[in-house]
Structures are given as C-alpha cells and as structure tokens.
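# Inside the fold
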Amino acid sequence: MADAPQGRPVVIDGQELVAVSGEEFARLLATRRQVGGQSARVRALLGTVEELLRVLDGVGTALAELGAAHACAGSGCAVCAVVDGVTERVRVAREAGGRRLGRRASDQAR
C-alpha cells in the first residue's frame with residue numbers, strides 16, 4: 001500500500017482501502033464522536049417531542065369534551081372563546097410537530 005497515493009482507494013484482499021495520515025484519521029475519529037453525540041441528543045429530543053405530541057392529543061381531547069359538556073349562553077361566551085382558542089393552538093402545534101417529525105398526514109390522524 002506504500003505505492004498508493006494518499007487519499008486514493010486501493011484494493012487489498014478484495015476490500016477497498018484508503019490511506020490517510022494520522023492527523024486526518026484523528027480528525028475523522030473526532031468527527032465520528034461528535035456526530036454520535038449529536039445523534040444521541042437528537043434521538044432524546046425526538047422522544048421528548050413525541051411525548052409532548054401525545055400530551056397535546058390528550059389536551060385536545062379534554063378540551064373537546066369540556067366544550068361538548070359546557071352549556072353556554074351563545075356566541076359571546078368567554079369560556080367557549082378560550083376553549084376554542086386553546087383547541088386551535090393545540091391543533092396547529094400538533095400538526096406542526098407531526099410535520100417536523102416527518103410524519104404523513106395519514107399518520108397524524110392517529
């Protein structure tokens with residue numbers, strides 16, 4: 001492998017190899033550790049977001065039940081206005097969270 005130019009692939013025993021300097025190898029290892037750490041943080045954050053989305057589903061359900069049980073005095077009812085406003089914010093947050101997680105619309109309905 002000494003004849004191979006640095007950074008060029010060489011086939012040894014059927015396996016393609018690339019020669020790199022010790023410094024480049026150390027940088028590659030450091031980058032791999034950083035990516036691994038970032039990946040772990042992203043997975044943890046994803047779990048948190050998924051849990052928050054489940055909580056939002058519960059909040060949305062509770063608000064819908066509250067709205068259905070509330071006997072209001074008409075369109076000017078302050079309770080209905082608050083429930084409708086929070087319900088809309090929950091819906092928007094839920095949809096945005098699902099999109100950010102890469103879910104399809106059919107998955108979000110669950």
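Predicted, not measured: the structure shown is a model, and the values here were computed from it.

Rules used in this analysis
- Residues numbered from 1 in each chain as written.
- Predicted model: local features only at pLDDT ≥ 70, side-chain atom pairs only at ≥ 80, totals over all residues.
- Heavy atoms only, no water.
- Helix = DSSP H or I, 4+ residues; strand = E, 2+ residues; numbered from the N terminus.
- Contact = heavy atoms within 4.5 Å.
- Areas by Shrake-Rupley, 256 points an atom, 1.4 Å probe, with all protein chains shown as cover.
- Pairing = 2+ DSSP bridges.
- Salt bridge = Lys/Arg side-chain N within 4 Å of Asp/Glu carboxyl O.
- Buried < 20%, exposed > 50% of the residue type's maximum accessible area, 1.4 Å probe, protein only.
- pLDDT = per-residue confidence, 0-100.
- Patch = residues over 30% accessible without salt bridge, like charges linked within 9 Å, V, L, I, M, F, W, Y side chains within 5 Å.

## Observations concerning the overall build of the protein chain
- Counting its regular elements, the protein chain contains 3 helices and 2 strands.
- A separation of at least 24 residues holds for 38% of the contacts in the protein chain among residues at least 6 apart in sequence.
- Roughly 8500 Å² of accessible area belongs to the protein chain as shown, and the carbon and sulfur atoms make up 58% of that amount.

## Concerning the pairing of strand β1 (residues 9-12)
- Two strands pair when backbone bridges link them, and β1 and strand β2 (residues 15-18) are joined in this way by 4 bridges, in the antiparallel orientation. The residue bridging Ile12 from the neighbouring strand is Gln15, located in β2.
- Counting the residues in the hairpin turn of β1 and β2 gives 2 residues, including Asp13, whose phi is positive at 50 degrees.

## Here's the deal with the pattern of salt bridges
- If you walk through the whole model with that rule in mind, you get 2 salt bridges.
- The closest approach of N and O atoms between Glu23 and Arg27, which form a salt bridge, is 2.9 Å. With Glu23 and Arg27 both in helix α1 (residues 22-69) and 4 residues apart, this pair spans about one turn of that helix.
- Residues Arg54 and Glu51 are paired through a salt bridge, measuring 2.8 Å at the closest nitrogen-oxygen approach. Residue Arg54 and its partner Glu51 are located together in helix α1, separated by 3 residues, close to a single helical turn.
- Judged by its relative accessible area of 49%, Arg54 is partly exposed.

## With respect to the confidence of the model for the protein chain
- When pLDDT is averaged along the protein chain, the result is 78, and 77% of the positions lie at 70 or above.
- The least confident element of the protein chain, judged by mean pLDDT, is helix α3 (residues 105-108) at 47; the most confident is β2 at 90.

## Examining a nonpolar patch on the surface
- There is a patch of nonpolar side chains on the surface, built from Val18, Val20, Phe25, Leu28 and Leu29 and spanning about 420 Å² of accessible area.
- The leading source of residues in the nonpolar patch is α1, at 3 residues.
- The residue Leu28 is located in helix α1 in this model.

## Side note on unusual backbone geometry
- You will see that Asp13, though not glycine, has its phi angle at about 50 degrees, which is positive.
- Take Asp13: it is sitting in the loop between β1 and β2.

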